[in-house]
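Residue strings, one per chain:
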Amino acid sequence: MQIIQPHYHAIARTAQDYERMAMSGVVAVAEPAFWAGFDRRYPETFIDYFRQISEFEPTRAAQYGIRHFCWVAVNPKEAENVELTNEVLKHFPEFFAKPTCLGVGETGLHKATKNECDSLQAHVELAMKHNQLVLIHTPHLADKAHGTKKVLEVLAGLNVDPQRIWIDHVEEQTIGPCLDAGYWVGFTLYPITKCSPRRAVDMIEKYGSERLLVNSSADWGPSDPFTLQQCIMEFRSRGHTVQEAIEVFHNNPCRFLGQNPKFDIQPIRIEVDAPVSV
Amino acid sequence: MLSPHQVVEKDYLEHRYMLLEIAAYLDRYDAALQRTGEVPVGTPAKLKLLDQALAVLRAPASEKGRTYDLLELFAK
């Protein structure tokens, strides 16, 4: 089965990930810009990072037959540095012109401070001005419900097309309001600590598979890119068909990401040959 | 060896996760009942055991410890 990893931090992972993903059917990954584990001080550090994910990573992925796409953003954890954020934002348009950059992400909120909200607004407005897709990070654990509500409030005050915005890391507490407001949502699956493959399938069964993306966790912390394949196994073990799995784990990423014409992988429909009459 | 505070902090997220898994398991059962329209004759024995296990966890620890008590419960 062909799979798309819509949220994958390749720079934190080894080539062995690419090899194993390729062997398990992954045909494309999309890499949002994220936090490096420390707060960066210089705009140039971001610019080189964006060059790495827009120029170098596609070549590394290509060695395993995997397409690599990316997003650019200043992580919400670094939004307290307003001067830095504004300076980095000025460079976004040059990356929007790169052949594999799909838009702005992951922007969003961490502690939902005023500076974070201002940064989120600036990121979304810039994306809309340049007709880009947006990927929004919502806070984890105890901050999730409040932070997600705040994200929705910020977006409600802006002139946005909800179909072009993906609100990520939703859980049972937050999926409903995000879908009701017309946005795409994403589950991020961790080996422990956050959303699990089983709970993700529960939510798919409850809310249906429209406007829904499933990502593994793949970063420099405790994470596992193959939680995505575990989720597919769980989905199939509950009796859902291969085509239904393809709709969620391949075609939905094509539908959302494909709103940017640079993402040219098309949805798949399995056809069964008619029996040959003898 | 860890201090009491270290014990709590070291594995809190993992145990929070396990409780959410139990909640999701019970929700899944309720959803299946609703979807199929099946009317069970009482609570299934395995779910009753889990309910009793949760009561063991809520109660003060016995002399032999909660883990021992749960293993005894599941061995019945």
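Note that the structure is predicted; figures quoted are calculated from it, not measured. Counting of residues starts from 1 at the beginning of each chain's written sequence and follows it residue by residue. Each chain gets a letter, beginning with A, and each ligand a number, beginning with 1, in the order they are written. The predicted nature of this model means local features are confined to residues of pLDDT at least 70 and side-chain atom pairs, given and counted, to a pLDDT of 80 or more, with totals for whole chains, interfaces and linings taken over all residues. The side-chain quantities take in all heavy atoms of the structure and omit both hydrogens and water.

Caption draft 1: Structural detail: the overall build of chain B. Regarding its fold elements, chain B presents three helices and zero strands. Listing the helices and strands of chain B from first to last along the sequence gives α-α-α. Judged by the C-alpha coordinates and their principal axes, chain B covers about 50 × 30 × 15 Å. A burial count over chain B gives 11% of its 76 residues as buried. Throughout, the Shrake-Rupley method with a 1.4 Å probe supplies accessible areas, and for residues the shown protein chains are the sole cover considered. Looking at chain B as shown, the accessible area adds up to about 6,300 Å², and 62% of this sits on carbon and sulfur atoms. Note that His is not counted, nor are the chain ends; the positive residues are Lys and Arg, and the negative ones are Asp and Glu. Charge positions are represented by NZ for Lys, CZ for Arg, CG for Asp and CD for Glu. A gap of 3 Å separates the mean positions of the 10 positive and 11 negative side-chain charges of chain B. Runs of E in the DSSP output that reach at least two residues are strands. Runs of H or I that reach at least four are helices, and both are numbered from the N terminus. Note on classification: 1.4 Å probe, protein chains only; a residue is buried when its accessible area is under 20% of the maximum for its type, exposed when over 50%, partly exposed between these limits.

Caption draft 2: Spotlight on the overall build of chain A. Summing up its helical and strand segments, chain A has ten helices and eight strands in all. Here the C-alpha radius of gyration of chain A, 18 Å, is about what a compact globule of 278 residues would show, namely 19 Å. Judged by the C-alpha coordinates and their principal axes, chain A covers about 75 × 40 × 35 Å. Taking all 278 residues of chain A together, the buried fraction comes to 57%. Working note: accessible area of chain A is about 11,800 Å², and carbon and sulfur atoms make up 52% of it. A distance of 1 Å separates the average location of the 27 positive side-chain charges in chain A from that of its 35 negative side-chain charges. Radius of gyration here uses only the C-alpha atoms, and the compact-globule reference equals 2.2 Å multiplied by the residue count raised to the power 0.38.

Caption draft 3: Structural detail: the packing of helix α3 (residues 82-89) of chain A against helix α5 (residues 114-129) of chain A. All names here are of chain A. Their axes nearest at 11 Å, the elements α3 and α5 cross at an angle of 5 degrees. Between α3 and α5, the interaxial angle falls into the category roughly parallel. On α5, the residues that touch V82, T85 and L89 of α3 are N115, S119, A122, H123 and L126. Here the contact of α3 with α5 is composed, by residue class, of four nonpolar, four polar and no charged. Interaxial angles span 0 to 180 degrees and are taken between N-to-C directions of axes, which are lines fitted to C-alpha atoms, for helices over the stretch in contact. Angles are sorted into four bins: roughly parallel if under 35 degrees, roughly antiparallel if over 145, roughly perpendicular if 65 to 115, and oblique for all others. Any two residues whose heavy atoms approach within 4.5 Å at even a single point are treated as in contact. Residues are grouped as follows: nonpolar covers Ala, Val, Leu, Ile, Met, Phe, Trp, Tyr, Cys and Pro; charged covers Asp, Glu, Lys and Arg; every other residue, Gly included, is treated as polar.

Caption draft 4: Examining the pattern of salt bridges more closely. Residues and elements named next belong to chain A. Every case where a carboxyl oxygen of Asp or Glu lies within 4 Å of a side-chain nitrogen of Lys or Arg is listed as a salt bridge. Scanning the model with the defined rule gives 22 salt bridges over all chains in all. The closest approach of N and O atoms between K114 and D118, which form a salt bridge, is 2.7 Å. Taken as a pair, K114 and D118 lie in helix α5 at a separation of four residues, close to a single helical turn. On the accessibility criterion, K114 (62% relative accessible area) is exposed. Between E172 and R199 there is a salt bridge; the shortest N-O distance is 2.8 Å.

Caption draft 5: How the structure looks around the domain arrangement of chain B. Residue and element names in this part refer to chain B. Each domain's extent is set by a domain assignment, obtained either automatically or from a database. When cut into domains, chain B gives domain 1 (1-39) and domain 2 (41-76). In this structure, domain 1 and domain 2 have C-alpha centres spaced 15 Å apart. Listed as interface residues are four residues of domain 1 and, on the opposing side, four residues of domain 2. The buried area of a pairing is the accessible area, by a 1.4 Å probe, that goes missing from both parts when the two are put together, added over both. Of the roughly 420 Å² buried between domain 1 and domain 2 on both sides combined, carbon and sulfur atoms contribute 81%. In terms of surface lost to domain 2, no three residues of domain 1 exceed Y25, L26 and Y29, which account for 67% of the buried area on that side. Across the domain 1-domain 2 interface, the total number found is zero salt bridges.

Caption draft 6: Layout of the side chain of T138(A). All names here are of chain A. For T138, the position within the fold is in the loop between β5 (133-137) and α6 (144-156). Any N or O atom pair separated by 3.5 Å or less is treated as a polar contact, with the protein-specific requirement of one donor-capable and one acceptor-capable atom, and with residues adjacent in sequence counted only for side-chain atom pairs. In terms of polar contacts, T138 uses its side chain to reach the side chain of K144, at 3.4 Å. A distance of 2.6 Å separates a polar side-chain atom of T138 from the backbone oxygen of D168. Contacts of T138, omitting those with residues within four sequence positions, involve L109, K144, T148, V151, I167, D168 and H169.

Caption draft 7: View of the sheet that holds strand β6 (residues 165-167) of chain A. All names here are of chain A. Between any two strands, at least two bridges found by DSSP are needed for them to pair. Strand order across the open sheet formed by eight strands is β1-β2-β3-β4-β5-β6-β7-β8, with parallel pairing between neighbours. The two strands at the open ends of the sheet, each matched to only one other strand, are β1 (3-5) and β8 (212-216). In this sheet, neighbouring strand axes are inclined to one another by 25 degrees on average, regardless of whether the strands run parallel or antiparallel. Of the strands in this sheet, β4 (101-108), β5 and β6 touch α5, which is tilted by about 165 degrees from β4. Most of the contacts of helix α8 (residues 197-207) go to strand β7 (residues 184-189), to which it runs at about 155 degrees, and overall it touches β7 and β8.

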